[in-house]
Number of protein chains: 2
Amino acid sequence: MRLNLIPLGTSAGRPTLSRGASALAVVTEGAWVLCDCGEGAQIAALRAGLSLSRLDAVLITHLHGDHFNGLPGLLGTLGLEGRQRPLVVAGPPGLTALLQHLERAGSLGTGDMEVRVLEQQGNGGEVRIEGSQFLVESRPLAHRVPTYGFRVALPDRAGTLDVARTDAAGVPRGPLLADLKAGRPVTLADGRVVGPEGLVGPRQRGPAMAYALDTVPCPSAVDLGRGVDALVHEATYEDARAALAHERGHSTGVEAARIAAEAEAAGLVLTHFSPSVDGAALADEARAIHPRIIAAQDLAEIPL
Amino acid sequence: MRLNLIPLGTSAGRPTLSRGASALAVVTEGAWVLCDCGEGAQIAALRAGLSLSRLDAVLITHLHGDHFNGLPGLLGTLGLEGRQRPLVVAGPPGLTALLQHLERAGSLGTGDMEVRVLEQQGNGGEVRIEGSQFLVESRPLAHRVPTYGFRVALPDRAGTLDVARTDAAGVPRGPLLADLKAGRPVTLADGRVVGPEGLVGPRQRGPAMAYALDTVPCPSAVDLGRGVDALVHEATYEDARAALAHERGHSTGVEAARIAAEAEAAGLVLTHFSPSVDGAALADEARAIHPRIIAAQDLAEIPL
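The model shown is predicted, which means the values in this text are computed figures rather than measured ones.

Draft legend 1. Up close: the pattern of salt bridges. All names here are of chain A. Counted according to the given criterion, the structure contains 24 salt bridges over all chains. Residue Asp167 is joined to Arg173 by a salt bridge in which the shortest nitrogen-to-oxygen separation is 2.6 Å. Take Arg173: its relative accessible area is 59%, and that puts it in the exposed class. Note that Arg241 is salt-bridged to Glu238, the shortest N-O span being 3.0 Å. Take Glu238: its relative accessible area is 23%, and that puts it in the partly exposed class. Connected through shared salt-bridge partners, Glu114, Arg116 and Glu130 make up one network.

Structure, rendered in C-alpha cells:
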C-alpha cells in the first residue's frame, strides 16, 4: 500500500486563480483523508478524481477560514449523498460548537450522517478512525490560535518471507507460511516448532507523512515529521520576510527545510504560499538546507 | 447605465464540476452586488473579472449552505485586502448571530472592515446601501426556512431634453438646461419662469432585475418581478417532478415561467438546477409559457 499526496489548495489566507485555500488529500488504495478543508476543497477533490464516499476523515488544523471554510459545504454534500458511515472530523477546541451553530442556523445539512468530531486537547495524541487503515496522530503547533498538526501513516507491513529457507526448514507451502510471515511460530506435522527468526525479514515501516500548518518553526513539527516520507510544512513567506512571517504566526521555506532536516524527513513539501510569493523560488531558496523539496501545486500529485 | 447579470454558480444543493453553488453578480459600471454567496463565489467572481473592491453589497436569500457557505471566505478576503468602506450584507434573521459565532471562532477574519448586517424582517422592504447607486428591496419567499428574495434596480433616468424646443423657448444653452432636465423650472435673464413641461421627455425607468430563490411558486416572487427586465427564478426540477420540488420547497422551470408571465417580466433567467436535471431542456419546456427564457450557465454574462 502506498500513499499519494494531492494538494487541493496551496494558497495562504485567500484563494487565488491558481491556488485554492488550504487542503491536501492523503490517498491510498480505496480511501483517503483530507488535511484542512479551505473553501473549494470539495470541488478540487472532484477535479482530482477523488470519490467523496471514500473519505475516511477530515483533519482540521485550526479554525481560520482559509483552513475551515470548505468544511460546511463538504459535510452538506456528504449529507446529500446519503452517506451511511460516520465521518470523523478532528480539529482544535471550538470545532464542535462552531459546527453546532452552523447546524442550528440551517447551513450544514448533514441530514442523517453522523459527524464524529474529535477535538484535540493538550499535547494531542492518537486520532482514532474506526474502520480505517489510516493511523493518525496529532501534536499542537505554534500559531496565533489553537492549532494541531497531524501525522498520517499506513500500518507497518510484514517482513519478506525467505521461501528457500522455509523450504529448507521443512515448513510446507500453505497457511503456515502466512503465520510465520505474521511473526507467529508454527508447529509442523512432526511436532517441531519453528519460529519466524531467520526465515522472515524485518517488518517494513508503513509509509507516513506529516502535515504542519499553520505554525512558526516549532519542536512539535519536528516530532510529527520524524522519519516520515514527506513532511508537508507551511512556507508562507520567503526567508527575507522571516520577521513578518513570525509576527503573523508563520514560517519561511528555509525554516521549514530546517525542520525537515532536523526531523530527518525524506522529503519536504512546501505549501501555504502567500499570494505575494513565488512558490518555486521559495523552494529553490530552501534546497540549500534540505535536498528533496517540492513546492506544492494545486492538483499536482506527489507519490511517496 | 446598464445592468449585466453574471451567474457565478447555478447548481442546487451542492457544487458540481460544471456548476458552482448559488451566486449571481448584478453588475453596472464601476459597482456590483452579489445575490447569494455559495462556496466558491469569490473565485468565480475573480474568473469573471469582477473587482472585489467594487462590491457594494451581498444579498443572502437564506442560510442553507449552498447559498451561504462562500460568505465567510469572501468577507475574510475583503478583510485581508484592507477594505476601508463598510460592506452591506442583507439576509434573513439569524445571519448576525451566525457571523458573530464564526468571528468568535476565528473563522471570519474581517479585520477592521465594517460589515453592516441588515436582517430582513416580516414583509421585507428597502435595503439601504449607503453610497451605492443600486436600489434594493426585499420580499419574503416561501421556502423551508426564512428566505427573502430581492429586487435590484438602478435609478430612473431623466427624460430626454428637446433642445430645439428649449432654444425656441429662449432658454440659453448651459446650466439651466441641466435644471430643466432634472425637472426643475428655471428663471431666465428676462425674468420669465420656464418649466420642463413639453421641453423634457418622460423619465426613463432604470433597469431592474429580481432574484427569487429558493422558493415554491409564490405571490412575492410576482411582486418582486413586476415589470423587471429579468426575473432570476429558481428552477430546481423539471415539471414532471413538481411534487418533489414542492415537497422540498422548490419550483419547476414551468412554474417559474408562469411567475414571470404573471409579473410581466421582460425576460426570465432560470437557475439553481438540481445536478440531476438538464438546464437547457428545462428552459425549452418552460418556453411554452414565457417566450424569453435563458438557462443560466456559470460565467455566461447576460446583458439586460
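Draft legend 2. Region of the structure containing the relation of the copies chain B and chain A. In screw terms, the move from chain B to chain A is a rotation of 179° and a rise of 0.1 Å along the axis, fitting with an RMSD of 0.2 Å. The transformation relating the two chain copies, once decomposed into turn and shift, fits a two-fold axis. Closest approach to the rotation axis among the C-alpha atoms of chain B is made by Gly40 of chain B, whose C-alpha sits 2.8 Å away.

Draft legend 3. Broad picture of the environment of Ser132 of chain B. Residue and element names in this part refer to chain B. Following the sequence through the fold, Ser132 ends up in the loop between strand S7 (126-127) and strand S8 (135-140). Take Ser132: its relative accessible area is 17%, and that puts it in the buried class. A sequence separation of 14 residues divides Ser132 from Pro146, and the C-alpha atoms of the two residues are 26 Å apart.

Draft legend 4. A look at the sheet that holds strand S3 (residues 31-37) of chain A. Residues and elements named next belong to chain A. Ordered in space as S6-S5-S4-S3-S2-S1-S16, the 7 strands form an open sheet in which the pairing is mixed. Whereas interior strands pair on both sides, the edge strands pair on one side only; in this sheet they are strand S6 (115-119) and strand S16 (302-303). Inspection of the sheet shows S3 paired to strand S4 (residues 55-59) by 4 bridges, in the parallel sense. If you follow Cys35 over to S4, its bridge partner there is Leu59.

Draft legend 5. Geometry of the nonpolar core. Judged by nonpolar contacts, the single largest core of 60 residues is most densely connected at Val58 and Leu71 of chain A together with Leu8, Trp32, Val58 and Leu71 of chain B. In contact with Leu71 of chain B, other than residues within four places in its own chain, are Cys37, Val58, Ile60, Val89, Leu95 and Leu99 of chain B.

Draft legend 6. Molecular detail of the sheet that holds strand S14 (residues 267-271) of chain A. Residues and elements named next belong to chain A. Across the sheet, which stays open at both edges, the 7 strands sit in the order S7-S8-S9-S12-S13-S14-S15 with mixed pairing between neighbours. Strands with a single pairing partner mark the edges of an open sheet, and in this sheet they are strand S7 (126-127) and strand S15 (293-295). Strand direction decides the pairing type here: S7 and strand S8 (residues 135-140), joined by 2 bridges, are antiparallel. The residue bridging Val127 from the neighbouring strand is Val136, located in S8. Relative to S15, helix H10 (residues 279-286) is tilted by about 165°, and along the sheet it contacts S14 and S15.

Draft legend 7. Focus on the interface of chain B and chain A. If you look at the interface, chain B gives 32 residues, while chain A gives 32 residues. For the pair chain B and chain A, the summed buried surface comes to about 2500 Å²; carbon and sulfur atoms form 57% of the total. Among the residues of chain B in contact with chain A, Arg14, Leu17 and Glu39 of chain B are the three that bury the most area, contributing 23% of the side total. Summed over the shared surface of chain B and chain A, the number is 2 salt bridges. The interface formed by chain B and chain A holds 9 residue pairs in polar contact (both at pLDDT 80 or more) in total. Those elements that provide at least two residues to the side of chain B that touches chain A are helix H1 (41-47), helix H2 (65-68), helix H3 (71-80) and helix H4 (95-104) of chain B.

Rules of the game
- Residues numbered from 1 in each chain as written.
- Chains lettered and ligands numbered in written order.
- Predicted model: local features only at pLDDT ≥ 70, side-chain atom pairs only at ≥ 80, totals over all residues.
- Heavy atoms only, no water.
- Salt bridge = Lys/Arg side-chain N within 4 Å of Asp/Glu carboxyl O.
- Buried < 20%, exposed > 50% of the residue type's maximum accessible area, 1.4 Å probe, protein only.
- Least-squares fit on C-alpha atoms with pLDDT ≥ 70 in both.
- Helix = DSSP H or I, 4+ residues; strand = E, 2+ residues; numbered from the N terminus.
- Pairing = 2+ DSSP bridges.
- Core = buried A, V, L, I, M, F, W, Y, C linked by side-chain atoms within 4.5 Å.
- Contact = heavy atoms within 4.5 Å.
- Axes fitted to C-alpha atoms, helices over the stretch in contact; angles between N-to-C directions.
- Buried area = accessible area lost by both parts, 1.4 Å probe.
- Polar contact = N/O pair within 3.5 Å; in protein donor to acceptor, adjacent residues only side chain to side chain.

So, to be careful, I would describe these as geometric facts and stop short of saying anything about function.
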